[in-house]
Amino acid sequence: MALEWLAWVLGATVIWGFGVLASKPGTERLGSRTMGIGTVLVEGTAFAVIGLALPRNPLPSDLLFAAAAVGAGAFGAIGYVFFYEGMRFGTVGLVGTISAACPMLTVVLSVAFLGESLGPFQIVGIALIMLCILTLAYDPRRGSATRRAAVLLSLAGFFVWGIWGFLVKASVDALGEGSLDLLLAAGYLGVTAAYAALRRKANGPADPPTRRTWLLGGFVFLAGGGSAVALTIAYDLGPAAAVAPISGTYPIIATLAAAALLKERLDWRIAVALVAFAAGIVLLSGL
């Protein structure tokens, strides 16, 4: 089917949009350590399964590309650490949207180090995404310490995931998708083990989690792995210029659902940021 890729990318977008939504109550009830380890473990395993299923090229003689792929996996996992720590302090609309703006940094790094160029519409897209970030990050009123912590952690996730995307772009042609996914899995699972060892003390609530809480956490874990698999298939079947902006709209789903289900406040700041974000992602993709 000509538009089979569309079903995959829409599935990935909706799954992760609701995964981000569920991340907020999941983090409050299970703690950021449990959420981070669970999500990274499942997503790293998903990359390993994809890598084993796909044909793999021999590693190039220049092992710098392999190191970049493992580093990308590590940065991807560290991004989740910042994401869930941010969810402890901030809203879905703030943390989810700032973190999701990372493709802007990936593009900027690709222009600076990979010799790629930007068209005028992509420059406008970068400006709109910057507007989104500044709208959410800057509050002329004196913000609370928890809000400042949420902004800083979200910005850290934005930078780390932006570098993740750059390292993937820099290494995928030399490695091929199968080898890349296996090396990504190594980075993901390595960080999982290190984080679990270093962060032995959980920061969740004193009360033991209920079965419903674990089901909520399990949904988030599977949403990360499931959306990664679906998005990989969508990129394989469809045009990247269309897949990227569609998949990048998941914060809109998460934020609107959080306003409806979690009663998060949807003020003008969030609304402006979402509009700027959606327009910026579309323009940045070159669609």
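So, a few notes on the structure that sits alongside this text. (Residues numbered from 1 in each chain as written. Predicted model: local features only at pLDDT ≥ 70, side-chain atom pairs only at ≥ 80, totals over all residues. Heavy atoms only, no water.)

1. Examining the overall build of the protein chain
A tally of regular secondary structure across the protein chain gives 12 helices and zero strands. When the helices and strands of the protein chain are placed in sequence order, the string is α-α-α-α-α-α-α-α-α-α-α-α. A globule of 287 residues ought to have a C-alpha radius of gyration of about 19 Å, and the protein chain, at 18 Å, matches this closely. Summarising its shape, the C-alpha atoms of the protein chain cover approximately 50 × 45 × 35 Å along the three principal directions. For the protein chain, buried positions account for 49% of its 287 residues. A sequence separation of at least 24 residues applies to 89% of the contacts in the protein chain between residues at least 6 apart. Each charge class in the protein chain was averaged separately, 18 positive and 14 negative side chains, and the resulting centres sit 15 Å apart. (Helix = DSSP H or I, 4+ residues; strand = E, 2+ residues; numbered from the N terminus. Rg over C-alpha atoms; globule rule 2.2 N^0.38 Å. Buried < 20%, exposed > 50% of the residue type's maximum accessible area, 1.4 Å probe, protein only. Contact = heavy atoms within 4.5 Å. Lys, Arg positive; Asp, Glu negative; His and termini not counted. Charge placed at Lys NZ, Arg CZ, Asp CG, Glu CD.)

2. A look at the packing of aromatic side chains
For the coordinates displayed, the defined rule picks out eight aromatic pairs. Centre to centre, the rings of tyrosine 80 and tyrosine 84 are 6.2 Å apart; their planes meet at 20°, and the pair counts as stacked. With tyrosine 80 and tyrosine 84 both in helix α3 (residues 64-89), this residue pair falls four residues apart, about one helical turn. The same class applies to tyrosine 80 and to tyrosine 84, which are both buried. With a centroid separation of 5.1 Å and an interplanar angle of 80°, the aromatic rings of phenylalanine 83 and tyrosine 84 are classed as edge-to-face. (Phe/Tyr/Trp six-rings, centres within 6.5 Å; stacked < 30°, edge-to-face > 60°.)

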